[in-house]
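Results of the structural survey
Listed below are the residues making up each chain.
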Amino acid sequence: MITVEKGNKELYFLHFVGYTTVFTDRCANDAASGGRILLAYIDGFPAGYLLTVCERGGEGIRHIFTKPEFRGQGVMQALVRYAAETTETFLAVGMSEAHAFAPVMEHVFGKLGFRRRVGRNIYRCDSEDIWERWDEFMAKTGNRLCDTLRRQGYNAITLTDAPESLIQQFRRAPVSEYRCEQNHRHLILPGAEITPEISVMCELKGRLAAYVFAYMPDSISAIYKTLSSSAALQGGGVIFLAIAGSLQRAREHGVKRLVFTMESVGKSANAFREKVLSVIVSKQSRSVSFIYEPDKKDNA
Ligand SMILES: CC(C)(COP(=O)(O)OP(=O)(O)OC[C@H]1O[C@@H](n2cnc3c(N)ncnc32)[C@H](O)[C@@H]1OP(=O)(O)O)[C@@H](O)C(=O)NCCC(=O)NCCS
């Protein structure tokens, strides 16, 4: 018989020793501070866990795991069902369509009444010569573009050094100003996952022109959550100064693996992908996300 109950970080470490990774430990730490750690048992034996965090006004599943010897017996379904039935807000989960277990997740989330949402494009850059490629590109065209932008008065500042006035502009700007499909304000709230040392804002005479927000899930990876320039400046290349500044910082922090996630396939996004991303991308895929909203009738 499968039972699910609330757990904690200590039980996660105790029951899943030998199965944990740096990534899952980080998820467990995040879940312990504000999210949930759920544990599943089969006839009293620890069989799987589910980790969530609170984000964007809801609850996000960060990781699910079933021990290999207990797979295919409904452990994940029991965990997800419990999480969905007891969430106080909504429950969301996202993953790459290329993930080895994506078909299983798709099946289970569909079965449990989650709604599928529009995916994002994911660009992985993890070749060994990533920084050599970037240097070559910068020497050929990138440095020139950055110099031109700096001469025009643009200035790139990390989120750590950004003055409060710039952060306030970002917080107060209407979503349409940066033509993003999502409101990104939650990303820089206290406790958010963004790494301020590698996230960069670009300003012109004290006015926010563009921003690039990224976070480091481990010591060698940087995930670029969003990059955007103000509506008036899109197409002018200002985002490049922010990107170049952010990549420089990421490199100084020992990053060797980059992941860009982009919702938009519009003209500027395509140009950015073709001119800049193509230099360092090694693999492209799409993400898929699912959401369970208890108060929506179409949920099972
Ligand atoms: C993904 C994972 C959590 C699934 O756990 P599990 O306990 O084996 O899952 P369940 O037994 O609850 O459900 C599996 C379901 O997927 C179905 N399934 C299995 N292979 C499938 C496939 N290739 N395509 C579609 N459905 C598939 C099963 O038939 C079952 O559904 P059913 O009960 O309706 O028949 C587990 O394989 C795991 O820990 N993987 C490693 C960690 C990981 O990748 N986690 C996800 C990333 S966050």
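Keep in mind that this is a model prediction, so the values were computed, not measured.

The rules behind the values
- Residues numbered from 1 in each chain as written.
- Predicted model: local features only at pLDDT ≥ 70, side-chain atom pairs only at ≥ 80, totals over all residues.
- Helix = DSSP H or I, 4+ residues; strand = E, 2+ residues; numbered from the N terminus.
- Buried ≥ 20, exposed ≤ 12 C-beta atoms within 10 Å, placed from the backbone.
- Contact = placed C-beta atoms within 7 Å.
- Near = placed C-beta within 6 Å.
- Nonpolar A, V, L, I, M, F, W, Y, C, P; charged D, E, K, R; others polar.
- Bend = angle between axes of the 7 residues up to and from the residue.
- pLDDT = per-residue confidence, 0-100.
- Arc of directions from axis to C-beta.
- Pairing = 2+ DSSP bridges.
- Axes fitted to C-alpha atoms, helices over the stretch in contact; angles between N-to-C directions.
- Parallel < 35°, antiparallel > 145°, perpendicular 65-115°, else oblique.
- Left-handed = near helix turned anticlockwise from the far one by under 90°.
- Core = buried A, V, L, I, M, F, W, Y, C linked by C-beta atoms within 7 Å.

Another aspect to go through is the overall build of the chain. Within the chain one finds eight helices and 13 strands. Here the chain holds 300 residues, and 34% of them are scored as buried. Across the chain, the fraction of contacts at a sequence separation of at least 24, relative to all contacts at a separation of at least 6, is 71%.

What surrounds the ligand is a group of 18 residues, the closest being Thr66, Arg71, Val75, Met76 and Pro103. Listing elements by their share of the shell around the ligand, those giving two or more residues are strand S4 (58–66), helix H3 (75–86) and helix H4 (102–111). At five residues, the largest contribution of residues to the shell around the ligand is made by H4. Grouping the amino acids of the shell around the ligand by side-chain chemistry returns eight nonpolar, eight polar and two charged.

A few words on helix H5 (residues 130–151). One turn of an α-helix holds 3.6 residues; hence residues three or four places apart share an orientation. Roughly 65° is the biggest bend found in H5, and it falls at Met138. Every buried residue of H5 is accounted for by Ile130, Trp134, Gly142, Cys146 and Leu149. At the C-terminal side of H5, Gly153 shows a positive phi close to 105°.

We now examine the confidence of the model for the chain. On average, residues of the chain score 88 in pLDDT, and 89% of them reach the 70 mark or higher. Within the chain, no element has a lower average pLDDT than helix H8 (residues 267–280), which sits at 82, and none a higher one than strand S2 (residues 36–42), at 98.

Here the focus is the environment of Phe109. On the secondary structure map, Phe109 appears in helix H4. Phe109 sits in the buried class, given 25 other C-beta atoms within 10 Å. For the pair Phe109 and Arg81, spaced 28 residues apart in the sequence, the C-alpha separation amounts to 9.2 Å. Contact partners of Phe109, with chain neighbours within four places excluded, come to Val93, Phe114 and Phe290.

This next bit is on unusual backbone geometry. Excluding glycine, a negative phi dihedral is what most residues carry, and trans is how most peptide bonds are arranged. The phi dihedral of Asp43 falls on the positive side, at around 45°, and the residue is not glycine. Summarising the element assignment, Asp43 is placed in the loop between S2 and strand S3 (45–55). Overall, Asp43 belongs to the exposed group, with 8 C-beta atoms counted inside 10 Å.

This part takes up helix H2 (residues 22–32). Those residues of H2 that fall on the buried side of the exposure criterion are Cys27, Ala28, Asp30 and Ala31. Within H2, the buried residues cover an arc of 165° as seen down the axis, which keeps them to one side. Residues of H2 that are buried in the fold lie against helix H1 (9–15), S2, S3 and S4. Downstream of H2 by a residue or two, Gly34 has a phi angle that is positive, lying close to 110°.

Let's shift gears to the pairing of S2. Alignment of strand S1 (residues 2–6) against S2, held across five bridges, turns out to be antiparallel. Residue pairing in the sheet places Glu5 in a bridge with Leu39 of S2. With seven bridges connecting them, S2 and S3 associate as antiparallel partners. When the bridges of S3 are listed, Tyr41 appears paired with Pro46. Linking two consecutive strands that pair antiparallel, namely S2 and S3, is a turn of two residues; a positive phi of about 45° is found at Asp43 within it.

Interhelical geometry of H5 versus helix H7 (residues 238–252) gives an angle of 135° and a closest axis separation of 10 Å. Comparing the axis directions of H5 and H7 gives the class oblique. Here H5 and H7 pass one another in a crossing that is left-handed. When H5 is examined against H7, the residues Trp131, Trp134, Gly142, Leu145, Cys146 and Leu149 are found in contact with a partner set consisting of Val238, Phe240, Leu241, Ala244, Leu247 and Arg251.

By size, the foremost hydrophobic cluster in this structure holds 42 residues, and its most contacted members are Cys202, Tyr211, Leu241 and Ala242. Considering every element that reaches this core, the biggest residue donor is H7, with nine residues. One finds Val53, Ile61, Met76 and Leu91 within the second-largest nonpolar core, a separate group that totals 32 residues.

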